[in-house]
Amino acid sequence: MAISYLFGPVASRRLGISLGMDLVPHKTCSLNCVYCESGATTLLTAERREYAPAKEVIRQLDERLRVQPQLDYLTFSGAGEPMLNSGIGRIVAFVKHNYPRYRMCLLTNGTLLHDPKAVRDIADIDLVIPSLDATNQQEFEAINRPGPELNFEHFSTALINYCRATKSTIWLEIFIVPGVNDSDASIARFAKLVKAAVPTKVQLNTLDRPGCVDWIKPSTAENTMRFVRALEPLVPVEAVGPFKYQSTSTAAIAADSHCSNLGERILALVTRRPSTALDIVTTFGISEALVQNKLCELLNRGSIRIEIRERGEFYTSNN
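Let us look at the structure shown here. Everything numeric here is computed off the predicted structure, so don't read it as measured data. (Residues numbered from 1 in each chain as written. Predicted model: local features only at pLDDT ≥ 70, side-chain atom pairs only at ≥ 80, totals over all residues. Heavy atoms only, no water.)

1. Overview of empty space enclosed by the protein
Okay, step 1: Overall, the coordinates contain 2 cavities of 30 Å³ or more when judged by the stated rule.
Okay, step 2: Taken as a whole, the second largest cavity encloses approximately 40 Å³ of empty space.
Okay, step 3: Lining the second largest cavity, in full, are Leu 31, Asn 109, Ser 131, Leu 132, Asp 133, Ala 134, Phe 140, Asn 144, Phe 152 and Phe 155.
Okay, step 4: Those elements giving two or more residues to the lining of the second largest cavity turn out to be helix 4 (137-144) and helix 5 (152-165).
Okay, step 5: Split by residue class, the lining of the second largest cavity holds 6 nonpolar, 3 polar and 1 charged. (1 Å grid on protein atoms, 1.4 Å probe; cavity = no way out; pocket = protein on both sides within 12 Å on 5 of 7 lines; lining within 4 Å. Points joined across faces, edges and corners; volume = space filled by probe spheres on them. Helix = DSSP H or I, 4+ residues; strand = E, 2+ residues; numbered from the N terminus. Nonpolar A, V, L, I, M, F, W, Y, C, P; charged D, E, K, R; others polar.)

2. A short note on the packing of helix 5 against helix 6 (residues 184-197)
When two helices pack together, their arrangement is given by the angle between their axes and by how far apart the axes lie.
Okay, step 1: The contact between helix 5 and helix 6 brings their axes to 8 Å, and the two run at 40°. It follows from the interaxial angle that helix 5 and helix 6 lie oblique. Facing Phe 152, Ser 156, Ile 160, Cys 163 and Arg 164 of helix 5, the residues of helix 6 in contact are Leu 193, Lys 195, Ala 196 and Ala 197.
Okay, step 2: For the contact of helix 5 with helix 6, the per-class residue count stands at 6 nonpolar, 1 polar and 2 charged. (Axes fitted to C-alpha atoms, helices over the stretch in contact; angles between N-to-C directions. Parallel < 35°, antiparallel > 145°, perpendicular 65-115°, else oblique. Contact = heavy atoms within 4.5 Å.)

3. Some thoughts on unusual backbone geometry
Okay, step 1: The phi angle at Lys 27 is positive, at roughly 60°, despite the residue not being glycine.
Okay, step 2: Owing to a relative accessible area of 4%, Lys 27 belongs among the buried residues under this scheme.
Okay, step 3: Backbone geometry at Arg 145 places phi at a positive 45°, although glycine is not the residue there.
Okay, step 4: Looking at the secondary structure, you find Arg 145 in the loop between helix 4 and helix 5. (Buried < 20%, exposed > 50% of the residue type's maximum accessible area, 1.4 Å probe, protein only.)

4. Regarding the environment of Gly 87
Okay, step 1: Positionally, Gly 87 belongs in the loop between strand 5 (73-77) and helix 2 (88-98).
Okay, step 2: Gly 87 sits 209 residues away from Cys 296 along the chain, and the two C-alpha atoms are 45 Å apart.
Okay, step 3: If near-sequence neighbours (up to four positions away) are discounted, Gly 87 is found in contact with Glu 50 and Ala 54.

5. Quick notes on the packing of helix 6 against helix 7 (residues 221-231)
Okay, step 1: Orientation of helix 6 relative to helix 7, taken along the N-to-C sense of each, is 40°, at an axis distance of 9 Å. By the angle class used here, helix 6 and helix 7 are oblique. In this structure, helix 6 meets helix 7 at a crossing whose hand is right-handed. For the pair helix 6 and helix 7, the contacting residues are Asp 184, Ile 187, Phe 190, Ala 191 and Val 194 in the first and Arg 226, Phe 227, Ala 230 and Leu 231 in the second.
Okay, step 2: Residue composition of the contact of helix 6 with helix 7, grouped by class: 7 nonpolar, no polar and 2 charged. (Left-handed = near helix turned anticlockwise from the far one by under 90°.)

6. Quick notes on the layout of surface pockets
Okay, step 1: Roughly 1300 Å³ of internal volume is contained in the largest pocket.
Okay, step 2: In terms of lining residues, the largest pocket is bounded by 41 residues, among which Arg 14, Glu 37, Leu 107, Glu 173 and Asn 205 are the most central.
Okay, step 3: Secondary structure elements with two or more residues in the lining of the largest pocket: strand 1 (6-12), strand 2 (16-22), strand 5, strand 6 (104-108) and strand 8 (169-175).
Okay, step 4: Among the elements that take part in the lining of the largest pocket, strand 1 stands out by supplying 4 residues, more than any other.

7. Focus on the nonpolar core
Okay, step 1: Judged by nonpolar contacts, the single largest core of 86 residues is most densely connected at Leu 61, Leu 74, Phe 76, Ile 91 and Leu 204.
Okay, step 2: In this view, Leu 204 contacts Ile 174, Ile 176, Thr 224, Phe 227, Val 228, Leu 231, Val 237, Glu 238, Ala 239, Val 240 and Gly 241; residues no more than four positions away in its chain are not counted.
Okay, step 3: Among the nonpolar cores identified, the runner-up in size contains 6 residues, and Leu 15, Cys 105, Ile 129 and Trp 171 belong to it. (Core = buried A, V, L, I, M, F, W, Y, C linked by side-chain atoms within 4.5 Å.)

Pasting the structure below:
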C-alpha cells in the first residue's frame, strides 16, 4: 500500500482546519527535544535530502485539493523537521501556482534557517512558526539536545536574521521548561532575543502531554505570566499550553483575520466535528461574542443545528 504523506484535516486551536503534510520519516529531526510528544528522535541529522518524494506528495495534494475542501491551512508538520526535506520548495511552488487560495503554514525548529537554499524553499509560505526554547548553549543542550554540529549562537543568529528579513508571518514559539529556561536571567535574555527578531507574535507553550523524559513539568499559570509581563511590551503574546492567555492586540489580529469568512470556517469545523461555542472560540482564538453572533446567523439560515449532549449544547451541520 502506498505511503500517505498527508494527514487530516484536523481541527487545530491555533490553525483552524488544517491538512497536514509529513515530509520525513517518523522522528527524523535535527533536534531531540525533551518535551516532544512524538517521542525521542531516532535519526538525529541536519542533512537535507528528499526523504519523502516531492513528486508523490504533490500527486497526493493534487488529489485532495482538486475537490476544493474547506481548509484554513496546509501545514508542513508531522513527527520530524519538515525543512530537512530538500523537495519542500517544489511542493510550496506547486501549491502556490495551482492552488493559490490555500494558505500554507510551516512548523519548524528553526535549525535550517542558516541555509540560504532552505530559506528560499520556504519563501512563499504564508505563516512560519519557528521554535526558540533556549537563551544560551547550556539551555539549548538541556532542552533541545542538538547534534554536535549545531550551536546556540549560530542557531539564534540565523533565526533572528530570518525573522527580520522574511515576508512570511512569524509566530515565534517558546516552550517553557521550569527549572531550565525560566530564571529571571533567562527571561531577560528571551526578551532581548524577541526584541531583535521582531516576530508578529510570541506563543508560549509548556508540557501538556508526556514528553521524552520524566523530569519535565508544566509551567504554572503564575510562572507563564512572568514571561508574558516581560515580552508583552515588545510584541503580542499568546499562551497556548494548559494555561491560556492572549494579548488584547493578538485577539484583535485574530478577529480581523477570521471575520471575513468566519461563517465558512465554523461550518467546516462543525461538519467534521460537532463543537460547543467554547470549542469554536478556542479553535479560532476569537471572542465569544463574535462566535455567538455568527452561530445565530448560521442557525437562522438553517446551515447548522443544536444537539444537546452530556457536555452541553453542540453545534453541528444540517448537511
